[in-house]
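Per-entry structural report
Residue-level listing of the chains:
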Amino acid sequence: SSLVDRKKMDSVQFSLLVVGLVCVLSVQTGFADLSCYECNSADQYEGKDCEDSTKLSKFVRNCTELGQKDGVEYKFCRKLAQQVEDHYRVVRQCAVTANQNQCVDRTGTKAIKITYCECDSNLCNSANSFSVNILLLTIVSALLALVCHS
């Protein structure tokens, strides 16, 4: 019986350690600089490189510094995907407000569709904005399921 109790205690301690690590890795401090990709895939701006995730590194902007110059506090990154009739455009930018860690689809008249995704971690407005958060959540869930059922 004490071996079973010890095994359960080790399992609980491991679960608490995993949850603690996830919290530490997920929480950003208020003092950290926020960097986002800033570009526009329209021909008159940065062009198709803004749509190519392998070429985004040249579009990294420190939103905290940019906000100090603009007199605002950027707390989020945003990625807009716009389809207006036959024209497709991607816009990546620093943002003041957001539907945090969500993607929203909007449809308008004359074949206008806009999808915008917003997030609050460095360079999260890349091609797959939320893949890291989802992957982290999946790994933690799997670990906790294994620990709790062993």
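Here is a short report on the structure shown in this document. What you are looking at is a predicted structure, and each value in this text was computed from that prediction instead of being measured.

Conventions we followed
Residues numbered from 1 in each chain as written. Predicted model: local features only at pLDDT ≥ 70, side-chain atom pairs only at ≥ 80, totals over all residues. Heavy atoms only, no water. Pairing = 2+ DSSP bridges. Helix = DSSP H or I, 4+ residues; strand = E, 2+ residues; numbered from the N terminus. Buried < 20%, exposed > 50% of the residue type's maximum accessible area, 1.4 Å probe, protein only. Contact = heavy atoms within 4.5 Å.

**Notes on the pairing of strand β4 (residues 76-84)**
Side-chain direction in a regular strand flips from residue to residue, so the side chains alternate between the two faces of the sheet. As judged from the nine bridges shared by β4 and strand β5 (residues 87-95), these two strands associate in the antiparallel manner. In the strand pairing of β5, A81 is matched with V90. Connecting the antiparallel pair β4 and β5 is a turn made up of two residues, with E85 showing a positive phi of about 50°. Where β4 meets strand β7 (residues 112-119), eight bridges bridge the pair, whose relative direction is antiparallel. Bridging across to β7, C77 finds its partner in C119.

**Observations concerning the pairing of strand β6 (residues 102-108)**
Inspection of the sheet shows β6 paired to β7 by seven bridges, in the antiparallel sense. Within β7, the residue paired with C103 across the bridge is C117. The hairpin turn running from β6 into β7, its antiparallel successor, is three residues long, and K110 in that turn takes a positive phi close to 55°.

**With respect to the environment of C94**
Along the chain, the position of C94 falls in strand β5. When its relative accessible area of 6% is taken as the criterion, C94 is described as buried. In this structure, the C-alpha to C-alpha distance between C94 and E73, residues 21 residues apart in sequence, is 9.6 Å. In this view, C94 contacts C36, E38, C63, L66, Y74 and F76; residues no more than four positions away in its chain are not counted.

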